[in-house]
Amino acid sequence: MKITKNTSKKRLDTIFSEFIRRRDADDKGFIRCISCGKVVHWKESDCGHYINRKHNSTRYDEQNCNAQCRSCNRFDEGNIQGYRKGLIKKIGEEATNLLEFKKYNACKLGQFEINILADEYRAKLKAIKQDKKI
Ligand SMILES: [Zn+2]
């Protein structure tokens, strides 16, 4: 893989967030909040982390990140009990429990790792944009 430029962590967050929200959107562009079930347009949603994003090992984990309404993400501390229920429904209890252990894994997230993730998610975002016309 050829890395062409350095990407900031903030920029990677933006790319990853757009990918997650588009991934979770239906063909009309609407997402159902993982925590409360409210339906909003993906552009009006947030990329909510089940395991807090301060943990690098799950920060860019696609199972750990799901589209969420802004009210749950920003004003209800992620509505974590609702999130857990929604996540179990989506990925199962075992995978949800695994995330809770994965957060303790050591994870180096230096410039090199950020560049690789940025390239991966730029490509995934491009593909999903072509795939879904939303
Ligand atoms: Zn919500």
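To keep things clear, this report deals only with the structure shown in the data block. Quick caveat: nothing in here was measured; it's all calculated off a predicted structure.

Definitions and cut-offs
Residues numbered from 1 in each chain as written. Predicted model: local features only at pLDDT ≥ 70, side-chain atom pairs only at ≥ 80, totals over all residues. Heavy atoms only, no water. Core = buried A, V, L, I, M, F, W, Y, C linked by side-chain atoms within 4.5 Å. Buried < 20%, exposed > 50% of the residue type's maximum accessible area, 1.4 Å probe, protein only. Helix = DSSP H or I, 4+ residues; strand = E, 2+ residues; numbered from the N terminus. Contact = heavy atoms within 4.5 Å. Donors = N, O, S within 2.8 Å, 3.2 Å for Na, K, Ca; no water. Tetrahedral: all angles 85-135°; square planar, octahedral: opposite > 155°, others 65-115°.

**A short note on the nonpolar core**
One finds Leu 12, Phe 16, Phe 19, Ile 20, Tyr 60, Leu 117 and Tyr 121 to be the most contacted residues of the largest nonpolar core, which totals 15 residues. Elements supplying a minimum of two residues to this core: helix 1 (9–23) and helix 6 (111–131). Looking at this core, the element that brings in the most residues is helix 6, giving 6 residues. Residues within four places of Ile 20 in sequence aside, it is in contact with Cys 47, Glu 62, Cys 65, Asn 66 and Ala 67. Counting residues in each nonpolar core, the second largest holds 6 residues, with Tyr 50, Ile 51, Tyr 83 and Leu 87 among its members.

**A closer look at the coordination of the zinc ion**
Protein-derived ligands of the zinc ion are Cys 33 (SG), Cys 36 (SG), Cys 69 (SG) and Cys 72 (SG), with the metal-ligand distances lying across 2.3 to 2.4 Å. Classification of the site at the zinc ion as tetrahedral follows from its 4 donor atoms and the range of 106 to 114 degrees in their angles at the metal. In terms of primary sequence, the donors binding the zinc ion are separated according to C-x2-C-x32-C-x2-C. With a gap of 33 residues between them, Cys 36 in the loop between strand 1 (30–32) and strand 2 (39–41) and Cys 69 in strand 4 (residues 65–69) connect regions that are remote in the sequence. A residue is classified by how much of its surface remains accessible, and Cys 36, at 42% relative accessible area, is partly exposed.

Interpretation in functional terms is not warranted from these geometric data alone.
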